[in-house]
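# Descriptive structure summary
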Amino acid sequence: MIDFQYLSARSLSEALSLLRETKHSRLLAGGTDLIVQMKDRRANPSACIDVKKIQELNRLEWDGNSLHIGAAVPLAKIIAFNEVKNRFNILYQAMSLIGSVQVRNRGTAGGNICNAAPSADSPPALLCLGARAVIAGNNSQRILPMEKFFRGPGKTVMTADELLVEIEVPTPPPHSAGCYMRHTPREEMDIAVAGVGSFLVLDETGRCTQARIAMGAMAPTPIRAIEAEAGLTGKVLNHDLLEKAAEQASLEARPISDLRASMEYRREIVKVLARRTLTNAWQAASAGGVKSK
Amino acid sequence: MKKLIALTVNGQVHEVAVEPRQTLLDALRYDLGLTGTKEGCGTGNCGSCTVIMDGKAINSCLVLAIDSEGNNITTIEGLAQDGQLHPLQQAFIDESAIQCGFCAPGMLLSAKALIDVNHHPTEIEIRQAIAGNICRCTGYDKIVRTILKQTATGKEQCHA
């Protein structure tokens, strides 16, 4: 690691002014990605601005309408929050898979999306739930849907003088359920070869009123399988329809070959994961899904 | 530039001068001489450097020392009390859950962090708790069995 300045921000406004005043600085939360990058000299910031003491970034609250996850809240704290497990179960599933106990005790919700790894586990779940990123900038704040947040591997739409305040997740409606699964060679402490989140909303008659399928490690950013979703919306679901949607999702994937898997293997495995997650979500939603408000 | 910080390790406050880039692991080993905490991969994958910070297991190789001021840190040196090994440490020895010993400090601290909050964990809970600790000798089974045996109902002394 090259030498750098360590600056701890006590408030949002202090963090924003430090961001403006320092060139080539990086925001430091849990550090489970940034410190590894700095050791490898892939990141060489002149300053690290620690955001863990900022009150707004430590919010973890469910107000009925939405879940508010401050950007610096550690993953372990989020998955231990009962409302997350009960009402945002797909997010609970995805976050439980990230790293190890040690990594989840430090690593944060904000870090997992700001690092913008195409294979990250939480983004597919956040895309399924229609989450939004609350971003603070110079005297301004903007709220972006998660679809518009990622730009490419390691790249988000945030500018150098902006910082992520929180992730806002709308409460899923009654008769809805989601499921996230990933494929890794090793069960724990591994990076997804493929990850799929599926989320279904049914009406009283069992008709699907909304379908979301989001994929990780299948494109430069996490992506939704829009055509596959359209094939399910408005239909009374059955196994054939889910199978077709899974095949369509695989066609919408744009995977690459790398050290973890070949393009062909990824395309095959994403179909399997889409079918399994859709089936699980359908069964859970049919059984009543999440608690209503 | 070095900055003077106060690190609370095993109940004792130490003043240490650290550079911002210094990890907690390096401060423990090189400044405080607490070499029980090991460095394996240095990237958060192996868990050899596990310590307990404010009740939670963390990788000390991924935490800056300067960012650890004000936290309570427990290292493997802090487990034994009055010359008596912690019951978990003794159990690891008695059950041969240690071979080369390199992973043992981290493994023990991950296990302790678990049983401090979950007195009678299931086998699955134990396996998940130590998933971030790699052992290249034992094949894990003896470690898991030892923790399971030690936390079975009736063995209350373990989380004293």
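Residues numbered from 1 in each chain as written. Chains lettered and ligands numbered in written order. Predicted model: local features only at pLDDT ≥ 70, side-chain atom pairs only at ≥ 80, totals over all residues. Heavy atoms only, no water.

### Quick look at the domain arrangement of chain B
Residues and elements named next belong to chain B. As a reminder, the rule being used: Domain ranges listed in this record stem from an automatic or a database domain assignment. We call two residues in contact when some of their heavy atoms are within 4.5 Å. Buried area adds together the accessible area that both of two parts lose upon being put together, with accessible area traced by a 1.4 Å probe. Each helix is a run of DSSP H or I of at least 4 residues and each strand a run of E of at least 2, with the numbering of both proceeding from the N terminus. The nonpolar class holds Ala, Val, Leu, Ile, Met, Phe, Trp, Tyr, Cys and Pro. Asp, Glu, Lys and Arg form the charged class, and all remaining residues, Gly among them, are polar.
As assigned here, chain B comprises domain 1 (3–77) and domain 2 (87–154). Relative to domain 2, the C-alpha centre of domain 1 lies at a distance of 21 Å. Taken together, the contact pairs 16 residues of domain 1 with 12 residues of domain 2. Summed over the three residues of domain 1 that lose the most area to domain 2, namely T50, I52 and I76, the buried surface amounts to 41% of that side. Per-element tally for the side of domain 1 that touches domain 2: the top contributor is strand β3 (residues 50–53), with three residues. Looking at the side of domain 1 that touches domain 2, its residues break down into five nonpolar, nine polar and two charged.

### Quick word on the state of the cysteines
Residue and element names in this part refer to chain B. To be explicit about the condition: Two cysteine sulfur atoms form a disulfide, by the criterion used here, when they sit within 2.5 Å. Buried, partly exposed and exposed residues are distinguished by accessible area as a fraction of the type maximum, computed with a 1.4 Å probe on protein chains only: under 20%, between the cut-offs, and over 50%, respectively.
Tallied over the entire structure, the rule returns zero disulfides over all chains. Not part of a disulfide, C46 finds its nearest cysteine sulfur in C41, a span of 3.8 Å. With no disulfide partner, C137 has as its closest neighbouring cysteine sulfur the one in C100, 3.8 Å distant. Among the residues examined, C137 registers a relative accessible area of 33% and is labelled partly exposed.

### Here's the deal with a nonpolar patch on the surface
Residues and elements named next belong to chain B. Short version of the rule: What goes into a patch is any residue over 30% in relative accessible area without a salt bridge, connected to like charges within 9 Å or, for nonpolar side chains (Val, Leu, Ile, Met, Phe, Trp, Tyr), within 5 Å. Here the accessible surface of atoms and residues is derived via Shrake-Rupley with a 1.4 Å probe, and residues count as covered only by protein chains that are part of the display. Salt bridges are defined as contacts in which a side-chain nitrogen from Lys or Arg sits within 4 Å of a carboxyl oxygen from Asp or Glu.
Together, L85, I93 and I98 make up a nonpolar patch on the protein surface, roughly 230 Å² of accessible area in all. Relative to the helices and strands, I98 resides in the loop between α2 (87–94) and α3 (104–117). Among the residues examined, I98 registers a relative accessible area of 33% and is labelled partly exposed.

### A short note on the interface of chain A and chain B
Definition in use: What qualifies as a polar contact is a pair of N or O atoms within 3.5 Å, subject to a donor-acceptor requirement within protein and to the restriction that residues adjacent in sequence count only when both atoms come from side chains.
Taken together, the 23 residues of chain A in the interface contact 30 residues of chain B. In total, chain A and chain B occlude about 2,100 Å² of area from one another, counting both sides; carbon and sulfur atoms represent 57% of this. Interface area lost by chain A to chain B is led by Y6, Q102 and R106 of chain A, which between them contribute 28%. Here chain A and chain B share two salt bridges between them. Linking D67 of chain B and K52 of chain A is a salt bridge whose minimum nitrogen-to-oxygen distance equals 2.6 Å. Linking chain A to chain B there are nine residue pairs in polar contact (both at pLDDT 80 or more). Mapped by element, the contributors of at least two residues to the side of chain A that touches chain B are α2 (34–39) and α6 (101–106) of chain A. The greatest single-element share of the side of chain A that touches chain B, amounting to five residues, is contributed by α6 of chain A. Looking at side-chain class alone, the side of chain A that touches chain B contains 10 nonpolar, six polar and seven charged residues.

### So, the pattern of salt bridges
Under the defined criterion, the tally for this structure stands at 21 salt bridges over all chains. Within the structure, one salt-bridge network assembled from shared partners comprises D50, K52 and R106 of chain A together with D67 of chain B.

### Some remarks on the sheet that holds strand β13 (residues 208–216) of chain A
All names here are of chain A. The line we're drawing: In this analysis, strands are considered paired if DSSP registers two or more bridges between them.
In spatial order, the strands read β11-β12-β13-β14; together these four strands make up an open sheet with antiparallel pairing. Edge positions in the sheet fall to β11 (176–183) and β14 (223–224), since each of these pairs with one other strand and no more. With two bridges joining them, β13 and β14 adopt antiparallel strand pairing. Across the sheet, residue A214 finds its bridge partner in β14, namely R224.

### So, helix α1 (residues 24–31) of chain B
Within the sequence span of α1 of chain B, burial applies to L24, L25, A27 and L28 of chain B. One or two residues past the end of α1 of chain B sits G33 of chain B, with phi positive at roughly 70 degrees.

### Re helix α1 (residues 12–21) of chain A
Turning to α1 of chain A, its buried residues number three or more, namely L12, A15, L16, S17, L18 and L19 of chain A. On its buried side, α1 of chain A packs onto β1 (5–8), β2 (25–28), β3 (47–50), β6 (132–137) and β10 (163–170) of chain A.

### Structural notes on the environment of R207 of chain A
Residue and element names in this part refer to chain A. Structurally, the position occupied by R207 is in the loop between β12 (194–202) and β13. Look at R207 and you get partly exposed, because its relative accessible area is 37%. The spacing of R207 and K235 is 28 residues in sequence and 5.5 Å in space, taken between C-alpha atoms. With sequence-adjacent residues up to four places away left out, R207 is seen in contact with V201, L202, G234, K235 and V236.

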